[in-house]
Structure formats: C-alpha cells, structure tokens
Amino acid sequence: MNQTWHQSLFASTWSRNLPRDVQSEIMAAASSHRLEQDAEVIRQGAPFSGLICLLTGEMHVIGTARCGDELLMGVLRPNDWTGFLAALDQGCYAFSVRAMTECRVARLDAAATQRIFERDLARFKLLLAPELVVSRGTYHYFVETSYRPPMLRLAERMIGLGRWPYSVATGEASRLEKISQTDLANATRLSRQTINVCLGRLAEQGIVKVGYRTVEVIDLHRLGLIATGDLVLE
C-alpha cells in the first residue's frame, strides 16, 4: 500500500485517532478500486460488504423513500469514511452512496471489519463512535431544527453538508458542489420555491454564491450566525 493510501486512510477525524495497531491492520486489509461517475459503491438495502473510505473525488450519501424520492443526507470528500451503521450489526445498508465524479475508494471488507473491530469491547467502541455522533445530530434536528424558520434550517443544513457527516467539527466547511436547489429542498424538507427565496437573500448579502448545481459558501461566519438565530437578515 503506497504512502498516498496511508495519508488518505488515516486523515479523517475518526481514523487518525485509531490506535496504531488498529491502523496497521486496516492498512494490511484494505483494497482500492476506481468508480465511474454516477456509480454506487453502497446500495440502500444491500447486505453489509464493508466500510468505505473515499480516496479521491466526491460522493453523495442518499436515502430513498418508499415513494422513490431521494434525500441528500451527506457529502463525502477525500479521506471520509462511511458504512458504520451496517458494520455495527452486519445488517443492510440504510442508505446509498453514489459517486458524483470519477472516484477512487478503499474498502475494508465485512470479514476484515469484523475481525479488527469485534475483537474486544474497546475496539467495538471505536467503530461505534461515529454513529453516536450521527445519533446526537439526529436528536438535535428533531428537537430544534425542524421547528426553526426556513432560513435557519437552510443555513444549518448547508453547514452540515459542508462537513463529514460523522464529524463534530465546528470550523471551516467545504464548498458545496454538484448540489442543486432540489437537493437542498429535499435535505431540509422545504419547498423548491422557499429554497430559491432563501438562497436569493443569502446571495444578495454576499453570504453565498449560487451557480449551476453549485452553492458556494462565501461567508461561513455569518451563515453560522444565521443558523443559530444570532443574525437575522432584513
């Protein structure tokens, strides 16, 4: 495994804090392959086949409702891992992960994941930690976010999409690319018309720049103040 792999596998907030012996076992067991744009590395409802680390490119985490509607749940960027929930119970994946560009990914297959992380309770807790972050975020959403005005909901969701879905980081968020206003509408459970109005107001204030399937955050600080309700646009 080359040095580039090493840097990518252990550059996330989760993987870089893993014990050295666990990192060594992951490096020895992981394999990589290339994905074409629009390919699915994880399919919702499919049996667990391993943890995935994105090495290059960008992928979207997508949940599909029974009616067929797709919900953008997160954006994966280089060094990000996913697949933790299914790894915990060896069940089916709860969402799909789709390549939005040509990507290269590393996979830690199901057998290796089980061998490395189910050896004892301490190791299993390492696997559990990212999913606990998601659970806390979900509770926050239902208690707070779903009752907030549309502008606050959009601001908070945009910041969330700019970070690794399992991250508790509060710093910079990445540029949002290949995300349409429809994606943002589904991700916030707001109408397309409402998203248009909110993005227009944010663009007028120089907080975001809206392009074709791209929403770029220009002023993360002010967007964060809007998300917390400490800044209200006139």
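Before reading on, note that the structure itself is shown above.
The sections below set out a description of the structure shown in this document.

Conventions used here
Residues numbered from 1 in each chain as written. Predicted model: local features only at pLDDT ≥ 70, side-chain atom pairs only at ≥ 80, totals over all residues. Heavy atoms only, no water. Helix = DSSP H or I, 4+ residues; strand = E, 2+ residues; numbered from the N terminus. Buried < 20%, exposed > 50% of the residue type's maximum accessible area, 1.4 Å probe, protein only. Disulfide = S-S within 2.5 Å. Salt bridge = Lys/Arg side-chain N within 4 Å of Asp/Glu carboxyl O. Pairing = 2+ DSSP bridges. Contact = heavy atoms within 4.5 Å. Axes fitted to C-alpha atoms, helices over the stretch in contact; angles between N-to-C directions.

Further remarks concern the environment of Leu-71. Within the secondary structure, Leu-71 is located in strand β5 (residues 70-76). Since its relative accessible area comes to 24%, Leu-71 is described here as partly exposed. On a C-alpha basis, the gap between Leu-71 and Tyr-166 in space is 17 Å, while along the polypeptide they are 95 residues apart.

What follows is about the state of the cysteines. Scanning the entire structure with this criterion turns up zero disulfides. Of the cysteine sulfurs around Cys-103, a residue in no disulfide, the closest is that of Cys-53, at 12 Å. Residue classification places Cys-103 among the buried positions, given a relative accessible area of 1%.

What follows is about the pattern of salt bridges. Tallying each qualifying case throughout the model produces 10 salt bridges. With a shortest N-O distance of 2.7 Å, Arg-34 and Glu-36 are connected by a salt bridge. Judged by its relative accessible area of 43%, Arg-34 falls in the partly exposed class. For Asp-219, the salt bridge identified is with Arg-222, shortest N-O distance 2.8 Å. The exposure class of Asp-219 is partly exposed, given its relative accessible area of 21%. Owing to a relative accessible area of 25%, Arg-222 belongs among the partly exposed residues under this scheme. Connected via shared salt-bridge partners are Asp-21, Glu-25, Arg-119 and Arg-123.

What follows deals with the sheet that holds strand β1 (residues 31-35). Here four strands make up an open sheet; going across it, the order is β1-β8-β3-β6 and the pairing antiparallel. At either margin of the open sheet sits one strand with a lone partner, and together these are β1 and β6 (81-82). Pairing of β1 with strand β8 (residues 103-109) involves five bridges; the strand directions are antiparallel. Looking at β8, one finds that His-33 is bridged to Val-105. Contacts between helix α4 (residues 110-117) and the sheet are confined to β3 (50-56) and β8, with β8 contributing the most and set at about 55° to the helix.

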